[in-house]
Amino acid sequence: MRVTPKLLSTLVLAAFIAQPTLAEELTGTLKKIKDSGRIVVGVRDASQPFSYLLNDKQYVGYSVDLCNKVVDSVKKQLKLSALSVIYQPVTSQTRIPLMQNGTIDLECGSTTNSMERQKQVAFGNNMFWVNVRMAVKANSSIKGLADLNGKPVVTTTGTTSDRYIKQHEVGSKIDVKNLYGKDHDESFLMLETDRAAAFVMDDTLLAAKIANSRNPADFAIVGEILSGEPYGIMLRKDDPQFKKAVDDALNAVYKSKEIYNIYAKWFQSPIPPKGLNLRMPMSDKLKALFDNPNDKGA
């Protein structure tokens, strides 16, 4: 084919339109990461097995593994030879403000994706499903909500479990003394030391705290399901470019079935530091989330 000046001009223009520079395309969080060469990941100190600090040195867990997959995908998308990953501890109270003010770029913990929170932040496609119940001492007489009347009940500050127990207090016409732990460890300690008669929280977190306690047989998870909730990786609101990058990375893990290996690693195998096995089979609800990824909030 003979390349005429007109044809050459057309080819150059087409190439320019089809491949604009990365800098021109980037907005929001992706631009922030590209410009700084770093990504800040919000993590939890005591949300086993999702996100926790191991031996005061390293953050590990199911959510952390998934966020690391997202980080690797973003690094590849931005064609970065190096990307510094900063792990920033957050709590139930600070995670949303630190996301909104730009301190963290991803939040990888045990955060419920709720319609209420979606007014403030966004979420990647859901990564887990939990039921809210309560942990009690196994030798107690507490079997359900009706047995909590007049008793102290603890939940962790800034969590959705607090809202559910208040709603059910009204609906069930019970009156409890609400206590609050600064994190899940403190909340469980209140139950362990009999300062609280029940600890209301997501069942998976309760199971992990019981498994890691000195005497797991001393505790039981009982009562009605107060709510079913999805967990999601939290992002800044109104940043569609970064949300697509996160969703694409998660969907690739779900579609390849690698998610089943990650799940088995944290819920059906011995986990550090004590080598305990939660022995939790994957629920049908969670399998459905992986088969049909979505970011619907509770």
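Note that the coordinates shown come from a computational prediction; the quantities given were computed from them, not determined experimentally.

1. What about the packing of helix α4 (residues 62–77) against helix α10 (residues 258–267)?
- Packing of α4 against α10 leaves a shortest axis separation of 9 Å and a crossing angle of 150°. Judged on the interaxial angle alone, α10 and α4 are roughly antiparallel. For the pair α4 and α10, the sense of crossing is right-handed. Counted together, Y62, D65, L66 and K69 of α4 and E258, I259, I262, Y263, K265, W266 and F267 of α10 form the full contact between these two elements.

2. With respect to helix α9 (residues 240–255)
- Here α9 is 16 residues long and its end C-alpha atoms lie 21 Å apart, about the 22 Å a rise of 1.5 Å per residue gives.
- Among the residues of α9, F242, K243, A245, V246, D247, A249, L250, V253 and Y254 are the ones counted as buried.
- Phi turns positive, to about 70°, at K257, one or two residues after α9.

3. Remarks on the pattern of salt bridges
- For the coordinates displayed, the defined rule picks out 13 salt bridges.
- For the salt bridge of D247 with K243, the shortest nitrogen-to-oxygen distance reads 2.8 Å. Separated by four residues within a single helix, D247 and K243 lie in helix α9, roughly one turn from each other.
- Among the charged side chains, a network of salt bridges with common partners joins K32, D105 and R236.

4. Quick notes on the sheet that holds strand β9 (residues 152–156)
- The strand order β10-β9-β11-β8-β12 describes an open sheet built from five strands, whose pairing is mixed. Two strands in the sheet have a free side with no partner beyond their single neighbour: β10 (177–181) and β12 (219–231). The average angle at which neighbouring strand axes cross in this sheet is 25°, direction not considered.
- When β9 meets β10, the two strands line up parallel, connected through five bridges.

What counts, and where the lines are drawn
- Residues numbered from 1 in each chain as written.
- Predicted model: local features only at pLDDT ≥ 70, side-chain atom pairs only at ≥ 80, totals over all residues.
- Heavy atoms only, no water.
- Axes fitted to C-alpha atoms, helices over the stretch in contact; angles between N-to-C directions.
- Helix = DSSP H or I, 4+ residues; strand = E, 2+ residues; numbered from the N terminus.
- Parallel < 35°, antiparallel > 145°, perpendicular 65-115°, else oblique.
- Left-handed = near helix turned anticlockwise from the far one by under 90°.
- Contact = heavy atoms within 4.5 Å.
- Expected span 1.5 Å × (residues − 1).
- Buried < 20%, exposed > 50% of the residue type's maximum accessible area, 1.4 Å probe, protein only.
- Salt bridge = Lys/Arg side-chain N within 4 Å of Asp/Glu carboxyl O.
- Pairing = 2+ DSSP bridges.

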